[in-house]
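# Structural overview
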Amino acid sequence: MAIYLDHAATTPLRREVLDAMLPYLTDAFGNPSSAHSFGRAARAALDEAHERVATRLNAQGREIVFTSGGTEANNLALKGAAWAGKAHGHRIVTSAVEHHAVGHTLRYVEKFGFEIVELPVDRYGRVDPEQLEAAITDRTILVSIMLANNEVGTIQPIAEIAAVVRSRKGVLLHVDAVQAAPYVDLDVEALGADMVSLGAHKFEGPKGVGALYIRHGTHILAQQQGGTQERHRRAGTENVAGAVGLAAAYELACAERPETVARLRRQRDKLAKTILATPGTEVTGHPKQRLPGLLSIIARDTDGTSVAMSLDLEGIACSVGSACTTGSTEVSHVLTAMGYPDEEARGALRLSLGRTTTDAEIATACEVVPRVLGSMRLGSFAVAADPLGQGVPV
Ligand SMILES: Cc1ncc(COP(=O)(O)O)c(C=O)c1O
């Protein structure tokens, strides 16, 4: 059985979550907008899902909008706040290491006359709150900074960031918490965010379901027109089973968080220590402020894509930088922003553990990953392929 070390890309759907969803895919199939008993049963489940997610975020049910995933939650937050705030200003501040669901969305928003300011990050991928403060002008309407990075796992100093934004009247703070959600407590009051994005498939919920927390009183414009669902903020018949699944998965993730985080840290540190014994390897991202299960490394003089393919043949599934960019030869924008030159960034590998990762799997990975990395050095590869045995590195 292959070992799955790509939980930052997606996680398996949890059995209990599937069980919670099944009734709404079968007998309780009603449309929540229907007035009859079928519709009312679906409506009750949907309302409850809002409440359950809200409780875990220290929010209110009406502040949650279910979406088709993290990408849509980010799109709704950014475009919704931009269009709604146009009369007040046109400047939006973000970071250079956001997921494309934020970065590309803002590039699109820019075409409509908005000014997008991308803050640089340090070697660990962190934004400097003082630079944020300096970037906010009277024309700024929105700041969007992710909580945890999907490629290197760095957690942003979000309390300081929120304090800066809160001190500027009329500026909204959106936080993409899609990667952070299973591992970091998302109390929206403590976080000080106006909008927070979640995606169910990162915490053993179904794919294609997400949620956007929108603080009560925050004005955003809906991005799709049609019915009045989700309090006029997201038209379209609701994915009741998906919403129930997200709520069930998030509750379980929150309840088990302390023990999951402790175990993942131990497993990840063991794997990191073993891999770092291989010459030319380094861990990227912040040494302490990072997601517990994410191990992002650079192995110099290797090609991350070839290493990941070799690991796959050896039964270990992991990813090159971000799964979303797999297949493209582009170097990760995150590592570039962190100051890594292209030739180093090409040797980037992301191993991401999850709640279901076992100690036995980590023991196997500790044996396989260093061996594959050692054999994949560009120099040693050339020597092995050298038919004349001259060992001329290419
Ligand atoms: C930080 C971050 N934001 C947004 C997304 C997009 O979420 P989804 O896959 O649910 O659309 C991802 C997915 O990898 C992510 O890691």
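As shown above, the structure is provided for reference.
Below or above, wherever it landed, is the structure these notes cover.

Conventions adopted
Residues numbered from 1 in each chain as written. Predicted model: local features only at pLDDT ≥ 70, side-chain atom pairs only at ≥ 80, totals over all residues. Heavy atoms only, no water. Axes fitted to C-alpha atoms, helices over the stretch in contact; angles between N-to-C directions. Helix = DSSP H or I, 4+ residues; strand = E, 2+ residues; numbered from the N terminus. Parallel < 35°, antiparallel > 145°, perpendicular 65-115°, else oblique. Left-handed = near helix turned anticlockwise from the far one by under 90°. Contact = heavy atoms within 4.5 Å. Nonpolar A, V, L, I, M, F, W, Y, C, P; charged D, E, K, R; others polar. Near = heavy atom within 4 Å. Polar contact = N/O pair within 3.5 Å; in protein donor to acceptor, adjacent residues only side chain to side chain. Phe/Tyr/Trp six-rings, centres within 6.5 Å; stacked < 30°, edge-to-face > 60°. Buried < 20%, exposed > 50% of the residue type's maximum accessible area, 1.4 Å probe, protein only. Lys NZ or Arg CZ within 6 Å of the ring centre and 35° of its normal. Pairing = 2+ DSSP bridges.

## With respect to the packing of helix H3 (residues 70-85) against helix H4 (residues 100-110)
For the pair H3 and H4, the least separation of the axes is 9 Å and the interaxial angle reads 30 degrees. Put simply, H3 runs roughly parallel to H4. Two packed elements cross with a definite hand, and for H3 against H4 that hand is right-handed. Counted together, Thr 71, Asn 74, Asn 75, Leu 78, Lys 79, Ala 82 and Trp 83 of H3 and Ala 101, Val 102, Thr 105, Leu 106, Tyr 108 and Val 109 of H4 form the full contact between these two elements. Considering only residue class, the contact of H3 with H4 consists of 8 nonpolar, 4 polar and 1 charged.

## Re the site of the ligand
In the region of the ligand, the neighbouring residues are Gly 69, Gly 70, Thr 71, Asn 74, His 99, Met 146, Asn 150, Asp 176, Val 178, Gln 179, His 201 and Lys 202. A distance of 3.5 Å separates an oxygen atom of the ligand from a polar side-chain atom of His 99. Within the side chain of Asp 176, one N or O atom sits 2.7 Å away from a nitrogen atom of the ligand. Counting residues per element, the shell around the ligand draws most heavily on H3, at 3 residues. Its residues assigned to classes, the shell around the ligand shows 2 nonpolar, 8 polar and 2 charged.

## So, the environment of Asp 359
By the secondary structure assignment, Asp 359 is in helix H13 (residues 359-375). C-alpha of Asp 359 to C-alpha of Arg 263: the two residues are 96 residues apart in sequence and 9.3 Å apart in space. When residues no more than four places from it in sequence are discounted, the contact partners of Asp 359 are Arg 266 and Gln 267.

## Some thoughts on the side chain of Gln 229
Mapped onto the elements of the fold, Gln 229 is located in helix H8 (residues 229-232). Ignoring anything within four residues of it in the chain, the contact list for Gln 229 reads Ser 33, Arg 234, Ala 235, Gly 236, Thr 237 and Glu 238.

## Points about the packing of helix H10 (residues 304-313) against H13
Here H10 crosses H13 at 135 degrees, and the two axes come no closer than 10 Å. As the angle between them shows, H10 and H13 are arranged oblique. Our pair here, H10 against H13, has a crossing hand that is right-handed. Facing Val 307, Ser 310 and Leu 311 of H10, the residues of H13 in contact are Val 368, Val 369, Val 372 and Leu 373. Its residues assigned to classes, the contact of H10 with H13 shows 6 nonpolar, 1 polar and no charged.

## Structural notes on the packing of aromatic side chains
Counting across every chain of the model gives 5 aromatic pairs. With a centroid separation of 5.5 Å and 35 degrees between ring planes, the pair formed by Trp 83 and Phe 114 is classed as tilted. With a gap of 31 residues between them, Trp 83 in helix H3 and Phe 114 in the loop between H4 and strand S4 (115-119) connect regions that are remote in the sequence. A centroid spacing of 5.2 Å and a plane angle of 50 degrees characterise the contact between Phe 203 and Tyr 250, whose relative ring orientation is tilted. Of the two residues, Phe 203 is situated in the loop between strand S7 (195-199) and strand S8 (210-214) and Tyr 250 in helix H9 (residues 240-276); the sequence distance between them amounts to 47 residues. The same class applies to Phe 203 and to Tyr 250, which are both buried. Put simply, the rings of Trp 83, Tyr 108, Phe 112 and Phe 114 touch in pairs and so form one group of aromatic residues. Across the ring face of Tyr 340, the terminal group of Arg 123 is positioned such that the distance to the ring centre comes to 4.0 Å.

## What to know about the sheet that holds strand S3 (residues 91-95)
Strand order in this open sheet of 7 strands is S2-S8-S7-S6-S5-S3-S4, and the pairing throughout is mixed. With partners counted over all chains shown, the strands left at the sheet margins are strand S2 (64-67) and S4, one partner each. Within the sheet, the average angular offset between the axes of one strand and its neighbour, ignoring direction, is 20 degrees. Strand direction decides the pairing type here: strand S6 (residues 172-176) and S7, joined by 3 bridges, are parallel. Across the sheet, the residue bridging to His 174 is Met 195, located in S7. The strands touched by H4 are S3, S4, strand S5 (140-144) and S6; relative to S3, the strand with the most contacts, the crossing angle is about 160 degrees. Here helix H6 (residues 158-166) sits on the sheet and contacts S5 and S6; the angle it forms with S6, its principal contact strand, is near 160 degrees.

## Regarding the pairing of S3
Burial analysis of S3 places 5 of its 5 residues in the buried class, which makes it a mostly covered element. Taking every second residue as pointing to the same face, both faces of S3 are buried, with Arg 91, Val 93 and Ser 95 on one and Ile 92 and Thr 94 on the other. Where S3 meets S4, 5 bridges bridge the pair, whose relative direction is parallel. Within S4, the residue paired with Val 93 across the bridge is Val 117.

## What about the sheet that holds strand S9 (residues 281-283)?
Reading across the sheet, the 3 strands line up as S9-S10-S12 and stay open at both edges, with antiparallel pairing between neighbours. Two strands bound the open sheet, and with one partner strand each, they are S9 and strand S12 (348-352). On average, each strand axis in the sheet is tilted by 25 degrees relative to the strand beside it, whichever way the strands run. Sheet topology note: the S9/strand S10 (residues 294-299) ladder contains 3 bridges and is antiparallel. Its bridge partner lying in S10, Val 283 is registered against Ile 297.

So yeah, pure geometry; function would need other evidence.
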